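Remarks on the overall topology
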Amino acid sequence: MHRLRGHHLVCMQQFQGVGYNEEFAKNMTDVIKQLQENPLQQVTVLKSMDDICEKCPNKLDEEHCALSRPGKPDSSVKDGKLLEVLGLEVGGTYSYQEILTRIERNIEAAYDTCCKGCGWEGKGVCSLEILKKAIS
């Protein structure tokens, strides 16, 4: 079973094999592949460090990310808002397929909550169109 934070649920759908470093990109690719191969697999949703964060070079420790700093909203705030949009409970366990269905049903709100203003959006790595194509 995977543990995934809110914003990673949407980021994974748009992931293009690039990331902070090779180790991060490989880990993200592996997690995505495992879930795609078994969409009935259970996922616990979080608003804290998860299986993707494990290989992130910005991870300072089990609770802190170098990207969370004064003047920039903490990722956990974004995670909580996205889980709310999707009707998922923090710490709840859902099949990956159910999560995908909830994203698809709330795709525009999910994108706006998760992706608007994100640095990856600014780099053209993700967009509402990419998300719609990936999720359908």
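Here's a quick rundown of the structure. (Residues numbered from 1 in each chain as written. Predicted model: local features only at pLDDT ≥ 70, side-chain atom pairs only at ≥ 80, totals over all residues. Heavy atoms only, no water.)

Description of the packing of helix α1 (residues 6-14) against helix α7 (residues 128-135)
Describing two packed helices takes the angle between their axes plus the distance from one axis to the other. For the pair α1 and α7, interaxial distance at closest approach is 8 Å and the crossing angle is 85°. For the element pair α1 / α7, the angle class is roughly perpendicular. Counting all contacts with α1, which are made through V10, Q13 and Q14, the residues of α7 involved are I130, L131, A134 and I135. Across the contact of α1 with α7, the residue classes tally to five nonpolar, two polar and no charged. (Axes fitted to C-alpha atoms, helices over the stretch in contact; angles between N-to-C directions. Helix = DSSP H or I, 4+ residues; strand = E, 2+ residues; numbered from the N terminus. Parallel < 35°, antiparallel > 145°, perpendicular 65-115°, else oblique. Contact = heavy atoms within 4.5 Å. Nonpolar A, V, L, I, M, F, W, Y, C, P; charged D, E, K, R; others polar.)

A word on the packing of α1 against helix α3 (residues 75-86)
Following both chains from N to C, one finds α1 and α3 inclined at 75°, their axes separated by 6 Å at the closest point. In terms of their interaxial angle, α1 and α3 are classed as roughly perpendicular. Taking contact as the criterion, the partners of G6, H7, L9 and V10 in α1 are, on α3, S75, K78, D79, L82, L83 and L86. Among the residues making up the contact of α1 with α3, the classes are represented as five nonpolar, three polar and two charged.

Overview of the pattern of salt bridges
Summed over all chains, the structure comprises seven salt bridges. The partner of E98 in a salt bridge is R102, and the shortest N-O contact between them spans 2.7 Å. Taken together, the residues E98 and R102, both in helix α4 (residues 96-105) and four residues apart, mark about one turn of the helix. Among the residues examined, E98 registers a relative accessible area of 29% and is labelled partly exposed. (Salt bridge = Lys/Arg side-chain N within 4 Å of Asp/Glu carboxyl O. Buried < 20%, exposed > 50% of the residue type's maximum accessible area, 1.4 Å probe, protein only.)

Describing the packing of aromatic side chains
This model, assessed by the stated rule, comprises two aromatic pairs. With a centroid separation of 5.1 Å and 70° between ring planes, the pair formed by Y20 and F24 is classed as edge-to-face. Taking 5.7 Å as the distance between ring centres and 70° as the angle between the ring planes, the aromatic pair formed by Y20 and W120 counts as edge-to-face. One end of the pair, Y20, is in the loop between α1 and α2 (22-37); the other, W120, is in helix α6 (residues 119-122), and 100 residues separate them in sequence. Look at Y20 and you get partly exposed, because its relative accessible area is 37%. Here the aromatic cluster, defined as three or more aromatic residues joined through ring pairs, consists of Y20, F24 and W120. The ring of W120 has K123 lying over it, and the distance from NZ or CZ to the ring centre is 4.6 Å. (Phe/Tyr/Trp six-rings, centres within 6.5 Å; stacked < 30°, edge-to-face > 60°. Lys NZ or Arg CZ within 6 Å of the ring centre and 35° of its normal.)

Shape is all these values report; function is a separate question.
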